[in-house]
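One-letter residues, chain by chain:
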Amino acid sequence: MQRRNSLLSLIFAAFLFGVSPAAMAGHLEPFKLVPVSDVNPQTPDKIELGKKLFFDRRLSGDGTMSCATCHIPDLAFTDGQEISFSYPTTKNWRNAPTLINVAFFRNLFHDGRVTSLEDQALFPVMSSFEMNLNLDYLEEKLRVVPEYVEAFGKIFGGAITRERVAMAIASFERTLVSVNAPIDRYLKGDKSALSADAIKGYEIFTGKGKCIECHYGVNLSDDKFHALNIQENPDHQKDPKITATRRFVAKVYHYEDYANLSEDPGRYLITKDIKDWKAFRTPTLREVAKTAPYMHNGILATLDEVIDFFDRGGGQGNTAIKPINLNTEEKKYLKVFLVEALSGEDLKLTYPVIP
Amino acid sequence: MKEYGQKVRLVIKFYPYKYRDFARISAGAALAAYDQGKFWEMHRLLLKRSPKLDQTNLIKYAKEIGLDADKFRESLDTRKNDGIIERDVKLALSLDLYNTPTFFINGRRVIGDVPYEYLKKIVVEELNAAKK
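Residues numbered from 1 in each chain as written. Chains lettered and ligands numbered in written order. Predicted model: local features only at pLDDT ≥ 70, side-chain atom pairs only at ≥ 80, totals over all residues.

### Details of the interface of chain A and chain B
- Taken together, the contacts link 13 residues of chain A with nine residues of chain B.
- Taken together, the residues of the side of chain A that touches chain B sort by class into five nonpolar, four polar and four charged. (Contact = placed C-beta atoms within 7 Å. Nonpolar A, V, L, I, M, F, W, Y, C, P; charged D, E, K, R; others polar.)

Next up, the structure:
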């Protein structure tokens, strides 16, 4: 209960978007206040409503999937699969990103197609290969549930609308944070918070390994996009259902040659800027031990594989990073740091009773 | 089960989804088939024929796999195995389960319709741990 109260007080101590992540470049920072939208203030009732909606399978077309299908609390709100779970008979094409500390991001999804959690929340609901629910129908499905009608009336002073559904879910998502990790205590001055090996790993992270260049600040992410030329998964490229999804998304984003697309263009689909070809947003590294498999397509199964990928200078032909040449010991320390230092307290979630 | 034989044991619990019209009666059908020694035959048929799982169709399926249709119907009509289903639902709720299927492999919770290889990896890890 104490932790719940302290979390809520963190949430209420809102500050507005305005701090540039660039200002924090080069440093890790301990956990601090969660950014909250000034147009969607946090309240306990709204968070609770958002939690119910997050776990409610009514939010999918055939009633089998909720947000929690792909964002499983036990797995730091990922689903443990290379590519995320999909609406029955379809296949997704990207890995489910963690929702831990998602409130700290301004660019959401791997390609940054939206910039607020309120705008993000309904995308998977209406996506044909995710939850596949028409949003007009979503509103009507919820409006026949008396408990929801009452809750929306009390919280928003009005009817159930898609926008308010998104606001409630966003409020709940802002409570999904990784707190009191050893790195937080270490950065606040408790030098005993990290083991000797983890401290060596920290030094590699911030020094020779150059991880800090993109993974900095509270959230260990620059919230920017980088083209590391992560390899495609040949099985995914051949899979007809994934191919259909890839082409569908490309078509929606007006990519001219969508019918022949055999790889994931990443951020390019959104900006049409060639520098963004195969660029993806830097993920948070908070709770990274729980979020395998890694990268936007889940191609790297373990942290060892991730470290090796960066150590050899990323994917073929990329110009974003160069080989690092860590030795075996250094790689070991780096992994100890990632696992030990960045794993916070268990988020004690009270599961909601769905009306 | 084929791969690991006696080394693993599968226990099924029922958690009929309350928004599905025929989830509850289908659980009853599986248990009625169990009473006649043909649980797996019915289980497979239920998955194959979903969503056509109303009572008329269930009785048809019972005949198809050679069950005594009168006994099967009686079991559904009298809700003979409701106690078992209720017990399982209570268990699921007490474990905060929100999704079907959910697996527990030696206590490790795996949520969702995960690929076989994902389950196999955990089974292998648990078998190895049990050897130590």
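### A word on the nonpolar core
All names here are of chain A.
- Counting residues in hydrophobic clusters, the biggest one holds 50 residues, and the most contacted among them are Val165 and Ile169.
- Contributions of two or more residues to this core are made by α2 (44-55), α3 (67-70), α6 (135-143), α7 (146-156) and α8 (162-173).
- Looking at this core, the element that brings in the most residues is α8, giving seven residues.
- In this structure, valine 165 is in contact with Leu53, Leu138, Leu142 and Ile160, ignoring residues within four places of it in sequence.
- Listed in part, the 38 residues of the second largest apolar core include Ile204, Phe225, Ala292 and Ala341. (Core = buried A, V, L, I, M, F, W, Y, C linked by C-beta atoms within 7 Å. Buried ≥ 20, exposed ≤ 12 C-beta atoms within 10 Å, placed from the backbone. Helix = DSSP H or I, 4+ residues; strand = E, 2+ residues; numbered from the N terminus.)

### What about the packing of helix α3 (residues 55-64) of chain B against helix α4 (residues 69-77) of chain B?
Residues and elements named next belong to chain B.
- Between α3 and α4, the shortest axis-to-axis distance is 9 Å and the interhelical angle comes to 145°. In terms of crossing hand, the pair formed by α3 and α4 is right-handed. Of the residues in α4, those touching α3 at Gln55, Leu58, Ile59, Ala62 and Lys63 are Ala69, Phe72, Arg73 and Leu76.
- The residue makeup of the contact of α3 with α4, split by class, is six nonpolar, one polar and two charged. (Axes fitted to C-alpha atoms, helices over the stretch in contact; angles between N-to-C directions. Left-handed = near helix turned anticlockwise from the far one by under 90°.)

### Considering the pairing of strand β2 (residues 108-111) of chain B
Residues and elements named next belong to chain B.
- Pairing of strand β1 (residues 102-105) with β2 involves four bridges; the strand directions are antiparallel. Residue isoleucine 105 lies in a different strand from β2, and its bridge partner there is arginine 108.
- From the end of β1 to the start of β2, which pair antiparallel, there are two residues, and asparagine 106 there has a positive phi angle of about 50°. (Pairing = 2+ DSSP bridges.)

### Observations concerning the environment of threonine 90 of chain A
All names here are of chain A.
- Tracing the backbone through its elements, the reader meets threonine 90 in the loop between α3 and α4 (117-120).
- Remark: the alpha-carbon pair of threonine 90 and threonine 245, spanning 155 residues in sequence, is separated by 7.9 Å.
- In this structure, threonine 90 is in contact with Ser128, Phe129, Lys241 and Thr245, ignoring residues within four places of it in sequence.

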